[in-house]
Amino acid sequence: MNMKINKARTYVGFASKSRAIKFGVDDICKCKRAELVIVSDSLQESSMKKITAFAEKNRKDLLKLSLDDFENLLDNKGVKAFAILDKNLAMAIKKEFND
């Protein structure tokens, strides 16, 4: 696991412990406070369209990761999309992937 995934995994863990995270496309689309949406590239096409429309409409950043990177980032293997609700954690995760 490379360094950027390891650091981002730590930030996702912080978000999870502080309950600043939403899992699943439907819950994310209902959420008004999402700051960063992270999806796996293995997400179904219809769900990808739905989450992309949500991100564009609400002007939220959408981060699409490979399945390997996504699974290394999150312990729950059944999840294909999640959103970070805390602005500072979202900025830290975005920074890790933009470097």
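Above this text is the structure in question.
Quick caveat, the model's predicted, so the values are computed rather than measured.

Novice: Help me out: how do you make sense of the packing of aromatic side chains in this one?
Specialist: Here the structure, examined in full by the defined rule, presents three aromatic pairs. Taking the centre distance of 6.4 Å and the plane angle of 50 degrees together, the rings of Phe23 and Phe82 count as tilted. On the criterion of sequence distance, the pair formed by Phe23 in strand S1 (residues 21–23) and Phe82 in strand S4 (residues 81–84) is long-range, its members being 59 residues apart. Using a relative accessible area of 0% as the deciding quantity, one classes Phe82 as buried. Note on Phe70 and Phe82: the rings are 5.5 Å apart at their centroids and 50 degrees apart in plane angle, and the pair reads as tilted. With Phe70 in helix H4 (residues 67–73) and Phe82 in strand S4, this pair connects stretches of sequence that are twelve residues apart. Judged by its relative accessible area of 2%, Phe70 is buried. Each member of the aromatic cluster is reached from another via a ring pair, and the members are Phe23, Phe70 and Phe82.

Each value, and the rule that gives it
Residues numbered from 1 in each chain as written. Predicted model: local features only at pLDDT ≥ 70, side-chain atom pairs only at ≥ 80, totals over all residues. Heavy atoms only, no water. Phe/Tyr/Trp six-rings, centres within 6.5 Å; stacked < 30°, edge-to-face > 60°. Helix = DSSP H or I, 4+ residues; strand = E, 2+ residues; numbered from the N terminus. Buried < 20%, exposed > 50% of the residue type's maximum accessible area, 1.4 Å probe, protein only.

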